Amino acid sequence: MELILASQSPRRRELLGLFRLPFVVRVADIDEAMNPDVCACDEVARVSREKALAVARKPEDVVIAADTIVVCNGQILGKPKDTAQAEEMLSLLSGRDHQVMTGVTVVRGEAILSKTEVTDIHFRDLSREEIAAYVATGEPMDKAGAYGIQGGAALFAEKMVGDYYNVMGLPVCTLWKMLRQIAPELF
């Protein structure tokens with residue numbers, strides 16, 4: 001049996017490492033486009049399921065996949081395409097509440113468990129200069145909502161309710177419960 005992480009995210013690799021279980025990485029190549037007419041919670045879970053099901057595996061293998069989005073005023077914010085879009089996203093989040101949603105899926109054989117974890121965050125008001133300086137670091141470019149809570153954006157978040165690791169891209173407590181359910185022999 002192999003434990004497979006279907007993600008190229010260095011943050012997800014780091015967080016799965018907290019489990020102290022050997023795992024391999026197999027990146028899923030799927031279309032991650034989301035339907036804006038479907039609930040964001042459902043869509044992010046669907047994308048994580050598609051990632052998990054897209055990687056090569058044997059029936060006894062356990063596959064973990066996740067997808068993270070930021071939702072503000074009903075608008076889904078994925079990874080910015082360029083610095084201008086990163087600045088737009090951070091301007092939208094400035095002084096506002098938003099949600100970070102991570103769909104996480106664990107697959108083993110025919111068993112599929114999916115869950116969406118939601119964390120509520122409030123950003124303080126950000127100046128144009130702060131936004132430009134943060135975007136200039138390059139940190140926002142590979143992150144949903146154009147920020148990394150574990151990096152420079154830690155200075156932006158005034159309030160958080162929910163799982164901190166969810167905001168980083170992998171809700172580890174939720175994942176632990178899912179793994180205990182689908183592959184208890186791992187522990």
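What counts, and where the lines are drawn
- Residues numbered from 1 in each chain as written.
- Predicted model: local features only at pLDDT ≥ 70, side-chain atom pairs only at ≥ 80, totals over all residues.
- Heavy atoms only, no water.
- Pairing = 2+ DSSP bridges.
- Helix = DSSP H or I, 4+ residues; strand = E, 2+ residues; numbered from the N terminus.
- Core = buried A, V, L, I, M, F, W, Y, C linked by side-chain atoms within 4.5 Å.
- Buried < 20%, exposed > 50% of the residue type's maximum accessible area, 1.4 Å probe, protein only.
- Contact = heavy atoms within 4.5 Å.
- Salt bridge = Lys/Arg side-chain N within 4 Å of Asp/Glu carboxyl O.

(A) Seen up close, the pairing of strand 6 (residues 111-123). Alignment of strand 5 (residues 97-108) against strand 6, held across 12 bridges, turns out to be antiparallel. Opposite glutamine 99, over in strand 6, you have aspartate 120 as the bridge partner. Between strand 5 and strand 6, which pair antiparallel and follow one another directly, the connecting turn spans two residues, one of which, glycine 109, has a positive phi of 60°. Relative to strand 7 (residues 157-161), strand 6 is paired through four bridges, and the arrangement is antiparallel. By the bridge assignment for strand 7, isoleucine 121 is matched with methionine 160.

(B) Highlighting the nonpolar core. Ranked by internal contacts, the top residues of the largest apolar core, which has 43 residues, are Ile64, Leu90, Val106, Phe123, Tyr147, Leu175 and Leu179. Discounting chain neighbours no more than four positions away, the residues touching isoleucine 64 are Leu3, Ile4, Leu5, Ala6, Leu16, Thr105, Val106, Leu175 and Leu179. By size, the runner-up hydrophobic cluster in this structure holds eight residues, among which are Ile4, Ala6, Ala52 and Val55.

(C) Examining unusual backbone geometry more closely. The phi dihedral of arginine 20 is positive, around 55°, even though this residue is not glycine. Taking the relative accessible area as the measure of exposure, arginine 20 reaches 78% and is therefore exposed. We note that alanine 146 has phi near 65°; this positive angle belongs to a residue other than glycine. Residue position: alanine 146 is located in the loop between helix 4 (128-136) and strand 7. The buried category is assigned to alanine 146, whose relative accessible area is 0%.

(D) Representation of the pattern of salt bridges within the structure. Following the criterion strictly, the structure yields nine salt bridges and no others. Notably, a salt bridge pairs lysine 51 with glutamate 32, separated by 3.8 Å at the nearest N-O pair. Here lysine 51, found in helix 2 (residues 40-54), pairs with glutamate 32, found in the loop between strand 2 (24-25) and helix 2; they are 19 residues apart in sequence, far enough to count as distant. Taking relative accessible area as the criterion, lysine 51 reaches 7% and is therefore assigned buried. Through salt bridges that share partners, Arg11, Asp142 and Lys143 make up one connected network.

As far as function goes, none of this settles anything; it's purely spatial.
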